[in-house]
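# Chain and residue survey
Chain by chain, the residues run as shown.
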Amino acid sequence: MSAPVLLLATSLAGCATPPPKSDTADYQAYKELNDPLEPTNRVFYRVNNTLDTYAMKPVAQGYEAVTTPAIRQHVSDFTSNIGEPARLVNFMLEGKPRDAGTALVRFLLNSTIGIGGIFDPAAALGYPQTNTDFGLTLAIWGLPPGPYLYLPVFGPSGLRDVWSIPVEWLATPMTAAPASTALTDFGYAETGLRLVNLRARMLEPIEQIKATALDPYATFRSLYRQSRASQIKLIDQRDKPTPPDWYPAPSHH
Amino acid sequence: MISRRFTLSALAAAPLTGLMTGLMTGPVLAQATLSAATAKDFVEQSGQKLVGIVNSQAPEAKKADELRGLVNQIVAVDQVGDYVLGRYLHIATPAQHQEFQKLFHKLLAYNITYQIRAYQGVSFSVDGVAPQGQDMVVNTVVTTPGHAPADVGWAVDEVNGKPQIVDVIVAGTSLRITTRNDYASVITGHGGQVSALLTAMKAQIARIDAS
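Quick caveat: nothing in here was measured; it's all calculated off a predicted structure.

The final tally for this structure, using the stated rule, is 23 salt bridges over all chains. R160 of chain A is the salt-bridge partner of D161 of chain A, the closest N and O atoms lying 3.1 Å from each other. Judged by relative accessible area, which is 6%, D161 of chain A ranks as buried. By relative accessible area, which is 5% here, R160 of chain A ends up buried. Between R176 of chain B and D135 of chain B there is a salt bridge, with its nearest N and O atoms 3.2 Å apart. Placement of the pair is R176 of chain B in helix α7 (residues 175-188) and D135 of chain B in strand β2 (residues 135-143), with a sequence separation of 41 residues. Both residues of the pair, R176 of chain B and D135 of chain B, count as buried. In the salt-bridge network here, residues are joined through shared partners; they are D35, E38, R42, D215 and R221 of chain A.

What follows is the structure, given as structure tokens:
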């Protein structure tokens, strides 16, 4: 059986068995966990873990060895800048004009003065980086997170958040530009660099979690969910009905 | 991907909070009786002591001992353990509960030792204080050489008449909740048996001892 077929078969078969409803506390805990595909998710967690151990982690360690923290910060700024248009669109969809304005100003400033996003002068000028994605847009529209999903390669997600992946991809500037081989190559290179840079920044924390958690799968699941809930809260907290700094003050005659 | 980056940036601060993995108590105790100023002073003083030990030139074993001593003073470790055990506190037998507490203290000590080297050169500044539930959360910015500054919140509550740390919050993730979920997963994965958690904790201690 080929690997994809095997994975599909596993995913179809891999549902957790809920405890009986008569066992109120256990059943309640199962519902709160909201991970009905846990057996399949754990398979993918192990697959990713193996991929990481033999591919991503060694590459990230090599990358860390030949770069300085400053270089890694510039790479992070650069790849983050490419994600800014997607953030602009998502903030608009969320009805958060202030954050949308910040994302727009950041993209314009960092792409120009910031030399294609390698530098982040916008942050120093009072437009700090904000975070959102299509999963958070759906959350702000009122969609619940849905069951937890652990995706091959992508890692922690959920039935709601998984929609971020195609939407984010469609919203990159590379997709908007006319197709060309050079652009496609740039897209791959950018994605590769982003992932390696990100993994390098995570070397210590991931090691630490794996070393101290009794069940790293459950720990990553918990951290993912809490982090998403916190991001939703942050977006709402920032949503103050005041004009942002860049908005011209009304003139008084 | 943006969200993933943010999630992982939350994890990026985890080494620091690893200092605290297990330092989490629960909202087991009475309503917030601490004033913001008391909580802030307590975190400032405790933080200075912690930074002093981590950055000292003493041998690592001595630092580890000093850190463990300090943690026992500033963190309500027993209450943390009970929170982490969660609803299984009522399922565990008195003997299991006692053993759990013993293992929990030991794992906490190990986790602290694990972090010392990574935090050489650490410094922090207090950002502000805000009530959260019945705790006071003191927000700090923690800076370690070679790492991006991390926003870390220290939840403080009054325990046995004095301020104690009851949780550590990094980028919206609570360490006491994370550990509770971690431990609960071990128990539910073994048919609700608290003994499975004790076995897993012992196995981890044995693994660390062997390394």
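Now, onward.
This part covers the packing of aromatic side chains. According to the stated counting rule, one finds 11 aromatic pairs over all chains in the structure shown. Taking the centre distance of 6.3 Å and the plane angle of 85° together, the rings of F78 of chain A and F186 of chain A count as edge-to-face. Pair noted here: F78 of chain A is in helix α4 (residues 69-82) and F186 of chain A is in helix α11 (residues 181-201), with a separation of 108 residues, a long-range link. Between F104 of chain B and Y183 of chain B, the aromatic rings sit 6.4 Å apart at their centres with planes inclined by 85°, giving edge-to-face as the arrangement. Taken together, the positions of F104 of chain B in helix α6 (residues 94-115) and Y183 of chain B in helix α7 put the pair 79 residues apart, joining distant regions of the chain. When its relative accessible area of 6% is taken as the criterion, Y183 of chain B is described as buried. By way of ring pairs, the aromatic residues Y45, Y148, Y150, Y217, F220 and Y224 of chain A are connected into one cluster. Residue placement shows R176 of chain B over the ring face of Y83 of chain B; its charged tip is 5.2 Å from the ring centre.

How each quantity is defined
Residues numbered from 1 in each chain as written. Chains lettered and ligands numbered in written order. Predicted model: local features only at pLDDT ≥ 70, side-chain atom pairs only at ≥ 80, totals over all residues. Heavy atoms only, no water. Salt bridge = Lys/Arg side-chain N within 4 Å of Asp/Glu carboxyl O. Buried < 20%, exposed > 50% of the residue type's maximum accessible area, 1.4 Å probe, protein only. Helix = DSSP H or I, 4+ residues; strand = E, 2+ residues; numbered from the N terminus. Phe/Tyr/Trp six-rings, centres within 6.5 Å; stacked < 30°, edge-to-face > 60°. Lys NZ or Arg CZ within 6 Å of the ring centre and 35° of its normal.

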